[in-house]
Amino acid sequence: MTITFGLDPVRAEVNALIERMRAGEVIDSMQERKSVDLKEEAGRRGRDGAIKAGDPENEQAAQKLAAEAACMANTPGGGALIVGVGDDGTLIGADLDAEWLRQRIYQVTQRLLTVDVSEVDVCGTRLLVVISPYAVEPVRINNRITWRVNDGCVEVDGATWHARRMQTLKYDWSGDASSIPSSAVRPQALAVARDFLLASGDAGAEDLAQASDSQLLRRLNVVTEAGFLTHGGALAFVGRDTPSLDYIHREYAGGDSTARVRRPDRSLLEELSEVFLTMDAHNTIRHVQSGLIVRQVRDIPVLAAREAVVNGVAHREWGLPSPTVVEHVGRTLRVTSPGGFYGGVNESNIITHPSQSRNPALTQLLADLRVAEREGIGVDRMVREMIRVGHQPPAIREISGPFVRTSLVGDALDEGWMAWLSGIVPAEDSSDVSSLLLLRHLVTTGWVDEEAAVPIIQLPVEETRGAILKLTHARVNGSPLLQQVDGVPAGTPSAWRLGPGALDDLLAKDRVAGHHRELPSRSAIARSYAEARGRISSTELGSLVGATGTNVGSILKALSNDGVLVPSNPTGRGRGFYYRWVATSPAVDER
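Keep in mind that what you see is a predicted model, and the values were worked out from it rather than measured.

1. Concerning the overall build of the protein chain
The helix and strand inventory of the protein chain stands at 20 helices and 25 strands. With respect to the principal axes defined by its C-alpha atoms, the protein chain has extents near 90 × 65 × 50 Å. Counting across all 591 residues of the protein chain, residues that qualify as buried make up 49%. When the accessible surface of the protein chain is totalled, it reaches about 27200 Å², and 49% of it is carbon and sulfur.

2. Quick look at the state of the cysteines
Here the structure, examined in full by the defined rule, presents one disulfide. The disulfide partner of Cys71 is Cys153, and the gap between their sulfur atoms is 2.1 Å. Handedness of the Cys71-Cys153 disulfide follows from its S-S torsion of about -110°: it is left-handed. One end of the pair, Cys71, is in helix 2 (residues 59-74); the other, Cys153, is in strand 6 (residues 152-155), with 82 residues separating them in the sequence. A relative accessible area of 0% places Cys71 in the buried class.

3. Considering the packing of aromatic side chains
Scanning all chains against the criterion turns up five aromatic pairs. Ring geometry for Trp417 and Trp420: centres 5.6 Å apart, planes at 40°, overall tilted. Here the residue Trp417 and the residue Trp420 both occupy positions in helix 13 (residues 415-422), the gap between them amounting to three residues, near one helical turn. The buried category is assigned to Trp420, whose relative accessible area is 0%. Between Phe577 and Tyr579, the ring centres sit 5.1 Å apart and the planes meet at 75°, which makes this aromatic pair edge-to-face. Per residue, the accessibility class of Phe577 equals that of Tyr579, and both read buried. Just above the ring of Trp318 sits the side chain of Arg316; from NZ or CZ to the centre is 4.1 Å. Sitting over the ring of Tyr578, Arg535 keeps its end group 4.2 Å from the ring centre.

4. Remarks on the pattern of salt bridges
Scanning the model with the defined rule gives 39 salt bridges in all. Arg111 is the partner of Glu398 in a salt bridge, and the nearest nitrogen-oxygen pair spans 2.8 Å. Pair noted here: Glu398 is in strand 15 (residues 395-399) and Arg111 is in the loop between helix 3 (98-108) and strand 3 (116-122), with a separation of 287 residues, a long-range link. One salt bridge in this structure joins Arg535 and Glu540, with 2.9 Å as the shortest N-O distance. Glu540 matches Arg535 in its accessibility class, with the two residues each being buried. Through salt bridges that share partners, Asp37, Lys39, Glu68 and Arg148 make up one connected network.

5. What about helix 11 (residues 360-368)?
Taken as a whole, helix 11 has its buried residues at Leu362, Thr363, Leu365, Leu366 and Ala367. Buried positions along helix 11 lie against helix 8 (231-237), helix 9 (268-281) and helix 10 (302-314). Where helix 11 ends, the next residue or the one after it, Arg370, has phi of about 60°, a positive value.

6. Comments concerning the sheet that holds strand 3
Reading across from one edge, 1-2-4-3 is the order of the four strands in this open sheet, with mixed pairing throughout. Only two strands of the sheet have a single neighbouring strand rather than two, namely strand 1 (36-39) and strand 3. Each adjacent strand pair in this sheet contributes to an overall mean axis angle of 25°, direction not counted. Relative to strand 4 (residues 125-132), strand 3 is paired through seven bridges, and the arrangement is antiparallel.

7. Brief notes about the side chain of Ser543
Structurally, Ser543 can be placed in helix 19 (residues 538-545). Among the polar contacts made by the side chain of Ser543, one reaches the main-chain amide nitrogen of Asp486 at a distance of 3.0 Å. If sequence neighbours within four positions are ignored, Ser543 has contacts with Gln483, Gln484, Val485, Asp486 and Arg497.

8. Some remarks on the sheet that holds strand 17 (residues 424-425)
Taking strand neighbours across the sheet as the criterion, the three strands line up as 17-19-20 in an open arrangement whose pairing is antiparallel. Two strands in the sheet have a free side with no partner beyond their single neighbour: strand 17 and strand 20 (479-480). Alignment of strand 19 (residues 475-476) against strand 20, held across two bridges, turns out to be antiparallel. Of the residues in strand 20, the one forming a bridge with Val476 is Ser479.

9. Observations regarding the packing of helix 10 against helix 12 (residues 379-388)
For the pair helix 10 and helix 12, the least separation of the axes is 8 Å and the interaxial angle reads 155°. The angle between helix 10 and helix 12 falls in the class roughly antiparallel. Of the two elements, helix 10 crosses helix 12, and the hand of that crossing is left-handed. Counting all contacts with helix 10, which are made through Leu303, Ala304, Glu307, Ala308 and Asn311, the residues of helix 12 involved are Arg381, Met382, Glu385 and Met386. For the contact of helix 10 with helix 12, a count of residues per class yields five nonpolar, one polar and three charged.

10. Some points on the confidence of the model for the protein chain
Chain-level statistics for the protein chain give a pLDDT mean of 89 and a share of 94% at 70 or above. In this model, residues 584-591 is a region of pLDDT below 50 whose contacts with residues beyond four sequence positions or in other chains number 10 contacts.

11. Side note on the nonpolar core
The biggest cluster of nonpolar side chains holds 90 residues, and the ones touching the most others in it are Phe237, Trp420, Leu439 and Leu481. In this view, Leu439 contacts Trp417, Trp420, Leu421, Ile424, Asp429, Leu471, Leu481 and Leu498; residues no more than four positions away in its chain are not counted.

12. Observations regarding helix 17 (residues 500-513)
The terminal C-alpha atoms of helix 17 lie 20 Å apart, and with 14 residues this matches the ideal 20 Å at 1.5 Å per residue to within 8%. Burial in helix 17 covers these residues: Ala502, Leu503, Asp505, Leu506 and Asp510. Projected down its long axis, helix 17 shows its buried positions confined to an angular sector of 160°, all on one face. In this structure, helix 17 carries Asp504, Arg511 and Val512 as exposed residues pointing more than 90 degrees from its buried face. Here the buried face of helix 17 lies against helix 13, helix 14 (433-445), strand 19, strand 20 and strand 22 (495-498). Two residues or fewer past helix 17, Gly514 is found with a positive phi of approximately 70°.

Cut-offs and rules
Residues numbered from 1 in each chain as written. Predicted model: local features only at pLDDT ≥ 70, side-chain atom pairs only at ≥ 80, totals over all residues. Heavy atoms only, no water. Helix = DSSP H or I, 4+ residues; strand = E, 2+ residues; numbered from the N terminus. Buried < 20%, exposed > 50% of the residue type's maximum accessible area, 1.4 Å probe, protein only. Areas by Shrake-Rupley, 256 points an atom, 1.4 Å probe, with all protein chains shown as cover. Disulfide = S-S within 2.5 Å. Phe/Tyr/Trp six-rings, centres within 6.5 Å; stacked < 30°, edge-to-face > 60°. Lys NZ or Arg CZ within 6 Å of the ring centre and 35° of its normal. Salt bridge = Lys/Arg side-chain N within 4 Å of Asp/Glu carboxyl O. Contact = heavy atoms within 4.5 Å. Pairing = 2+ DSSP bridges. Axes fitted to C-alpha atoms, helices over the stretch in contact; angles between N-to-C directions. Polar contact = N/O pair within 3.5 Å; in protein donor to acceptor, adjacent residues only side chain to side chain. Parallel < 35°, antiparallel > 145°, perpendicular 65-115°, else oblique. Left-handed = near helix turned anticlockwise from the far one by under 90°. Nonpolar A, V, L, I, M, F, W, Y, C, P; charged D, E, K, R; others polar. pLDDT = per-residue confidence, 0-100. Core = buried A, V, L, I, M, F, W, Y, C linked by side-chain atoms within 4.5 Å. Expected span 1.5 Å × (residues − 1). Arc of directions from axis to C-beta.

Structure follows, in structure tokens:
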């Protein structure tokens, strides 16, 4: 079945103009609309008016089209460019490479504008259609904001643009009405929805699963009063012509695929269900013994894997036709979704930034169906599940396109770490995301302070300080989890290391599991500490590594000989003597 998601005025206008062109009608600049503009590629028309051959990577044309696309994006409702048509309606054709143009517009607009560029054929002439979605923040070209007034672009000040934007902030594409009647819902999608609800074990979800089809849809808020599905509802329960997900499994990089899920004409819920089942079937189960209990643990934690996939469909740009791609290679899961980061989220704040979605209604629908976390679809679940079994945290980055790529790398399970975490009291510190991130950093780096911890747990320094202090009250096997570093100058932030008993307990758990843990060397600890804090003394290093100051002096001298540290005084001894990191300003307090 062909699915058209409701009334999209811009695409409808473009389609209407294209059909008129195909019918032989001349569409010139006099027939341009506020939301659609006709353009030819800059640099192709000679002084005599003759059209020259084009270039797939015509930078002059890309710069001009980026400015026009930005103007459309700044206009309420967005707009489109039909590229390859002269002002007089002549079908000149477009030679620009569509993917190259899309990426250049993204780059020229300082990564603020993701357009959809598609090729169309009109009477044997190749044209490009560039769709600009309505911008979340003003897209500036040469530090100017323009938007469409009638059939032209005019400059507007930032205050006026934001005032207009405030009027439309509550618009949500996925919550708007589509043209799909509720009778078009696929029975298979309803069955999958009920399966998700029942599998959650939640009493409220089970009650919802027992509702009639019509009541289920209405209680999920995907049906309008007129009986039409919302866009999010149509996507979830009916689907679209092209696949929403493309899952591929390989045993190793470069190997042949052993499983593929790429289904057109199915609902998003059906696609999710099949991807989850196929992903689980290729996610090896390991048996981990803890005392008398044997646990089953997957190479990639199931909750983390599912959150990665669901995030890839909930927050993506649905205006682009490409699917969310799920690559499952060995013990690595990589999810790539169309569209860049959204709403102020970036790589440095994604764990703690308030949830932002391009598609709030769709996101809420997935949460209500218990496909993901009930409270919302959070990255912290992925981080927690990965670290608890000893894996590195998820890598979530914006890549060229733009796309958002989430990578979950399932290294060998760290059984010693898992056993050690299970002995931490209070138990919440072994499941709290900030605590887990701090403990992982302490094991791999050897120390932490509030400034070093800020980018790790992505919290303000005041909250970071509280997260560290919380761990100072925790214990493992009767020993304090953290120990304060001695010798830190008065008036500077405290530094912390794992308590000696806590570290010994971790290494003991490693021995039982037959695992050798690579801890940072004394030299590496000294170097990282001095670089971050600007200085280090033998007292501090001795406290950091559990040795006396006299036994670590040679390490600091070696770093000084390497040019990394410089002594605080020429004699290299005396009360209060320390080494200064070479990059530290001479104005640093030398106490």
